[in-house]
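The chain contents come next:
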Amino acid sequence: MKLSDELPVDHSLATVYRYGAAFCGLTLLVFGVLGFADELSPFSTDGQRIAGMSTNGVLSLISVVVGLALIGGGIVGGNFASTLNMMVGTLFLLSGFVHIFILDRSANILDFGMTNVLFSFVMGLIILTFGMYGRVSSKLPHDNPYWRRRHAREAARESLAARRRERGQEGVALPSSAGQRALATSAQREE
């Protein structure tokens, strides 16, 4: 079984995934472009600041590439955007943890400061939330496509019961004028 078999294709949550990916991607793209506009040297660790965060040319490049990937995911949309958001959000969180330990060391080639670490955590959680929205929970509503896919038998039973209720209500509804004539005609024949 493939993961793509477990994911519903068309659902209203795709809009959340799409806009979430595009919004976060645009934010990262702006940060990266501002870094390129200042003509930062690639591996500088002298504390150049953009939007309150320290940066260098490599961090700007990474920001642009990840931003474009998220915008691309927003354009594609659907399950792809959701999965991409979850992956990128996880990478942001991991990056925040790694950079906490290398803040004042020579391994800090991206010139991360504490504001960068906090931004990495916050942006990672935002992107991750956009990816998991309506997809990961213990109490998904029964009309959620992910719940329906995971509980196919129960969803089929609920759909069947809903159809039976509709048919039962249709039988109780008053017939149309053509239906009334047909009932009158059949009643006359029986007499």
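Calculation rules
- Residues numbered from 1 in each chain as written.
- Predicted model: local features only at pLDDT ≥ 70, side-chain atom pairs only at ≥ 80, totals over all residues.
- Heavy atoms only, no water.
- Helix = DSSP H or I, 4+ residues; strand = E, 2+ residues; numbered from the N terminus.
- Buried < 20%, exposed > 50% of the residue type's maximum accessible area, 1.4 Å probe, protein only.
- Contact = heavy atoms within 4.5 Å.
- Areas by Shrake-Rupley, 256 points an atom, 1.4 Å probe, with all protein chains shown as cover.
- Phe/Tyr/Trp six-rings, centres within 6.5 Å; stacked < 30°, edge-to-face > 60°.
- Axes fitted to C-alpha atoms, helices over the stretch in contact; angles between N-to-C directions.
- Parallel < 35°, antiparallel > 145°, perpendicular 65-115°, else oblique.
- Left-handed = near helix turned anticlockwise from the far one by under 90°.
- Nonpolar A, V, L, I, M, F, W, Y, C, P; charged D, E, K, R; others polar.
- Core = buried A, V, L, I, M, F, W, Y, C linked by side-chain atoms within 4.5 Å.
- Expected span 1.5 Å × (residues − 1).

S.K.: Report on the overall build of the protein, specifying residues and quantitative values.
M.R.: Along its length, the protein carries eight helices and two strands. Residue burial in the protein is summarised as follows: out of 191 residues, 36% are buried. Contacts spanning at least 24 positions in sequence make up 69% of the contacts within the protein whose residues lie at least 6 apart. With the model as given, the accessible surface of the protein reaches about 12100 Å², and the carbon-plus-sulfur share is 63%.

S.K.: Help me get a handle on the packing of aromatic side chains, residues and values and all.
M.R.: Considering all chains together, one arrives at one aromatic pair under this definition. Plain terms: the ring middles of Phe 97 and Phe 121 are 4.9 Å apart, the flat faces sit at 65° to each other, and that makes the pair edge-to-face. Of this pair, Phe 97 sits in helix 4 (residues 78–101) while Phe 121 sits in helix 5 (residues 114–132); the two residues are 24 residues apart in sequence, bridging distant segments of the chain. A relative accessible area of 18% places Phe 121 in the buried class.

S.K.: Explain the packing of helix 3 (residues 57–76) against helix 4 to me, using residue names and the numbers behind them.
M.R.: Axes are the key here: two packed helices are described by the angle between their axes and the distance separating the axes. Viewed as axis vectors pointing N to C, helix 3 and helix 4 meet at an angle of 155°, and their least axial separation amounts to 7 Å. Classed by the angle they form, the pair helix 3 and helix 4 counts as roughly antiparallel. Between helix 3 and helix 4 the crossing geometry is left-handed. Where helix 3 approaches helix 4, its residues Val 66, Ala 69, Leu 70, Gly 73 and Val 76 are matched on the opposing element by Gly 78, Phe 80, Ala 81, Leu 84, Asn 85, Val 88 and Phe 92. Split into classes, the residues belonging to the contact of helix 3 with helix 4 amount to nine nonpolar, three polar and no charged.

S.K.: Outline the packing of helix 4 against helix 5, supporting the account with residue identities and numerical values.
M.R.: Packing of helix 4 against helix 5 leaves a shortest axis separation of 7 Å and a crossing angle of 160°. Considering the angle they form, helix 4 stands roughly antiparallel to helix 5. In the crossing of helix 4 with helix 5, the sense of the turn from one axis to the other is left-handed. Broken down by class, the residue content of the contact of helix 4 with helix 5 amounts to 15 nonpolar, 10 polar and no charged.

S.K.: So what's going on with the nonpolar core? Residues and values would help.
M.R.: Phe 31, Ile 50, Met 53, Val 58, Leu 59, Met 86, Leu 93, Leu 110, Phe 112, Val 117, Phe 121 and Leu 128 form the largest nonpolar core, which has 12 residues in total. When residues of this core are traced back to their parent elements, those giving at least two are helix 3, helix 4 and helix 5. At three residues, helix 5 tops the list of elements feeding residues into this core. Residue contacts for Met 86: discarding those within four places in its chain leaves Leu 128, Gly 131, Met 132 and Arg 135.

S.K.: Any chance you could break down helix 5 for me, citing the residues and the numbers?
M.R.: In this model, helix 5 (19 residues) spans 27 Å end to end at C-alpha, consistent with the 27 Å of a helix rising 1.5 Å per residue. Regarding helix 5, the residues found buried are Asn 116, Val 117, Ser 120, Phe 121, Met 123, Gly 124, Ile 127, Leu 128 and Gly 131.

S.K.: Residue-level account of the environment of Ser 54, with values.
M.R.: Mapped onto the elements, Ser 54 comes out in strand 2 (residues 53–54). By relative accessible area, Ser 54 is classed as buried at 4%. Considered as a pair, Ser 54 and Thr 115 are 61 residues apart in the sequence and their alpha carbons are 7.9 Å apart. Excluding its chain neighbours within four sequence positions, the residues that come into contact with Ser 54 are Gln 48, Arg 49, Leu 59, Asp 111, Phe 112, Gly 113, Thr 115 and Asn 116.

S.K.: Please provide a residue-by-residue account of helix 3, values included.
M.R.: Between its terminal C-alpha atoms helix 3 stretches 29 Å, which fits the 28 Å expected from 20 residues at 1.5 Å a residue. Taken together, the buried positions of helix 3 are occupied by Gly 57, Val 58, Leu 59, Ser 60, Ser 63, Val 64, Gly 67, Leu 70, Gly 73 and Gly 74. One or two positions beyond helix 3, positive phi appears at Gly 77, with a value near 75°.

S.K.: I'd like to hear about the environment of Tyr 17, residue by residue, with values.
M.R.: Within the fold, Tyr 17 resides in helix 2 (residues 14–37). The spacing of Tyr 17 and Ser 82 is 65 residues in sequence and 5.2 Å in space, taken between C-alpha atoms.

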